[in-house]
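Chain residues, written in single-letter form:
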Amino acid sequence: MRTINVELGDRSYPIVIKRGVLTQIGSRMSELGLKGKAAVVTNPTVGDIYADRVMKGLKAAGYKPILITVPDGEEYKSIKEASSIYDSLITHKMERGSPIVALGGGVIGDITGFVASTYLRGVPYIQVPTTLLSQVDSSVGGKTAVNHPLGKNLIGAFYQPRAVYIDPDVLSTLPEREVRAGMAEVIKYGVIWDKDFFGFLLKYSGIFFKLGREMTRAIERSCEIKAEVVGKDETEQGLRSILNLGHTFGHAIETGAGYGTFKHGEAVAIGMAMAAGLSVKLGLCGADVKDRIEGLINSIGLPIKPPGLSAEAFIESMKLDKKVAESRLRFVLITEIGKVILREVGEDDVRAFLES
Ligand SMILES: NC(=O)c1ccc[n+]([C@@H]2O[C@H](COP(=O)([O-])OP(=O)(O)OC[C@H]3O[C@@H](n4cnc5c(N)ncnc54)[C@H](O)[C@@H]3O)[C@@H](O)[C@H]2O)c1
């Protein structure tokens, strides 16, 4: 078992990584002093496999949990679904202290966190992430959101969970493509923060999919890095932006290719390769750095080649990204493996790179 703390003063919280922790959520919540009824929010895909275990554990710990199920899919990360979760919470008279458990991937984690941040002006919530992406990224750090028809994650709040419980065993039922997509975020941590971790990923790239010790180690190190970054810059005033490596290009790829064509992680993988390319073009790092990053992405079985979008389509889409400040294009760029910088790049330079 490994416990990593996200240090945020009186809002600090543990990330517990432990095989089989899924059955202990109830007793662990009780140890945190969480009382009252409890609600578990999940979707049918995850709920059919795992809700029973979580509900039993909650009951054994003295909670009277209710189960709230929302349909599976990014399109249900919406105000409408959030509203139907509020309906259930109100109908079951969930009170201010009643904890809510998010059992699922990033979609469930984001919408549940958003509901928890707003229901009765904020109730405690627990993240139980079940995809690799949510275990290494979205469950940690308190970004919660629902989508708006005009853009992803436009409605949301920073609202930290009371704990994150990660059971690496649940990845055994996750489709391999989802595991691969989650690996893009894992690679990201090596590139932005830790060259030894990057080396570790390269060394074991062939065996992560066996979901053994190496995968657990990869989850742990990713969570350590995310916790450290979030502890230093909770609301993304500066440092936290480095977690967006590959995301500016990635979001443009997701939008441009049509949502659903690429998984988020796949688009981020291409985005990282593009960020490496732009870094070389601007003279920030050598071509060897780009080659090593592309090599690792490839060896995990993720794509590096952007889809055939025009430079203009890329630029227009990147300008709409909510991370863009005053219409200036800002990128996380790479100086060496393990070190990145934030840099504004002129539109002409970006265009020249995209056309090259
Ligand atoms: N809050 C943040 O900081 C943050 C960061 C990154 C991404 N996100 C958000 O996360 C979302 C993407 O999350 P995701 O990639 O986890 O996708 P997801 O939640 O849609 O899960 C992917 C699929 O896997 C299924 N699934 C989940 N766990 C499973 C398991 N153990 N076994 C079998 N099937 C399982 C889900 O039902 C779904 O069909 C996006 O909405 C994105 O905006 C948020």
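Residues numbered from 1 in each chain as written. Predicted model: local features only at pLDDT ≥ 70, side-chain atom pairs only at ≥ 80, totals over all residues. Heavy atoms only, no water.

A. Structural context of the nonpolar core. Counting residues in each nonpolar core, the largest one holds 54 residues, and the members touching the most others are Ile-15, Met-183, Ile-187, Leu-201, Ile-219 and Ile-293. The residue makeup of this core includes at least three contributed by each of domain 1 (2-173) and domain 2 (188-355). Sequence-distant contacts of Ile-293, defined by excluding residues within four places in its chain, comprise Val-191, Phe-198, Ala-276, Ile-334 and Ile-337. Counting residues in hydrophobic clusters, the runner-up holds 22 residues, among them Val-40, Tyr-50, Ile-126 and Ala-163. (Core = buried A, V, L, I, M, F, W, Y, C linked by side-chain atoms within 4.5 Å. Buried < 20%, exposed > 50% of the residue type's maximum accessible area, 1.4 Å probe, protein only. Domains from an automatic or database assignment. Contact = heavy atoms within 4.5 Å.)

B. Structural view of the pairing of strand β2 (residues 13-17). Burial within β2 is extensive, with five of its five residues counted as buried. Relative to β2, strand β1 (residues 2-6) is paired through five bridges, and the arrangement is antiparallel. Bridged to Ile-4 within β2 is Ile-15. As consecutive antiparallel partners, β1 and β2 are separated by six residues, and within that stretch Gly-9 has a phi angle of approximately 60 degrees, a positive value. With three bridges joining them, β2 and strand β9 (residues 163-166) adopt parallel strand pairing. (Helix = DSSP H or I, 4+ residues; strand = E, 2+ residues; numbered from the N terminus. Pairing = 2+ DSSP bridges.)

C. Highlighting unusual backbone geometry. A positive phi is found at Arg-121, a non-glycine position, where the angle reads about 60 degrees. Relative to the helices and strands, Arg-121 is located in the loop between α4 (106-118) and β6 (125-129). The class for Arg-121 is exposed, based on a relative accessible area of 77%. Positive phi values are uncommon outside glycine, yet Glu-236 reaches one of about 60 degrees.

D. Fine view of the domain arrangement of the chain. Taken domain by domain, the chain consists of domain 1 (2-173) and domain 2 (188-355). Computed from C-alpha coordinates alone, the two centres of domain 1 and domain 2 are separated by 27 Å. For the pair domain 1 and domain 2, the summed buried area comes to about 2,100 Å², and 62% of that belongs to carbon and sulfur atoms. Looking only at domain 1, the three residues that lose the most surface to domain 2 are Val-136, Lys-152 and Phe-158, adding up to 22% of its buried area. Summed over the shared surface of domain 1 and domain 2, the result is five salt bridges. Glu-224 serves as the salt-bridge partner of Arg-2, at 2.5 Å between the closest nitrogen and oxygen. Along the contact surface separating domain 1 from domain 2 lie eight residue pairs in polar contact (both at pLDDT 80 or more). Going through the elements one at a time, β1, β2, α5 (132-138) and β8 (151-158) are the ones with two or more residues in the side of domain 1 that touches domain 2. If you tally residues by element for the side of domain 1 that touches domain 2, the top one is α5, at five residues. (Buried area = accessible area lost by both parts, 1.4 Å probe. Salt bridge = Lys/Arg side-chain N within 4 Å of Asp/Glu carboxyl O. Polar contact = N/O pair within 3.5 Å; in protein donor to acceptor, adjacent residues only side chain to side chain.)

E. Expanded view of the site of the ligand. In the vicinity of the ligand lie 24 residues, with Glu-74, Gly-106, Thr-130, Thr-131 and Thr-173 positioned nearest. A distance of 2.7 Å is found between an oxygen atom of the ligand and a side-chain nitrogen or oxygen belonging to Glu-74. The set of elements that each furnish at least two residues to the shell around the ligand consists of α2 (44-60), α4, α5 and β8. Here the shell around the ligand is composed, by residue class, of six nonpolar, nine polar and nine charged. (Near = heavy atom within 4 Å. Nonpolar A, V, L, I, M, F, W, Y, C, P; charged D, E, K, R; others polar.)

F. Structural detail: α2. Between the first and last C-alpha of α2 there are 23 Å, a value that for 17 residues agrees with the 24 Å anticipated at 1.5 Å per step. Tyr-50 marks where α2 bends most, by close to 60 degrees. Val-46, Gly-47, Tyr-50, Ala-51, Val-54, Met-55, Gly-57 and Leu-58 are the residues of α2 that are buried. Looking at the buried side of α2, the elements it contacts are α1 (25-31), β3 (38-42), β4 (65-69) and β5 (100-104). For α2, the N-terminal capping position is held by Asn-43, with its side-chain oxygen 3.0 Å away from the main-chain nitrogen of Thr-45. (Expected span 1.5 Å × (residues − 1). Bend = angle between axes of the 7 residues up to and from the residue.)

G. Quick look at the packing of helix α12 (residues 311-320) against helix α13 (residues 347-355). Where α12 meets α13, the axes come as close as 9 Å, and the angle between the chain directions of the two elements is 135 degrees. When the axis of α12 is compared with that of α13, the two are oblique. Two packed elements cross with a definite hand, and for α12 against α13 that hand is right-handed. Each of Ala-311, Glu-312, Phe-314, Ile-315, Met-318 and Lys-319 in α12 lies in contact with α13, whose residues at this interface are Glu-347, Val-350, Arg-351, Leu-354 and Glu-355. (Axes fitted to C-alpha atoms, helices over the stretch in contact; angles between N-to-C directions. Parallel < 35°, antiparallel > 145°, perpendicular 65-115°, else oblique. Left-handed = near helix turned anticlockwise from the far one by under 90°.)

H. Region of the structure containing the side chain of Thr-248. Residue position: Thr-248 is located in helix α9 (residues 247-257). Beyond its immediate chain neighbours, meaning those up to four positions away, Thr-248 contacts Met-318, Asp-321, Arg-330 and Phe-331.

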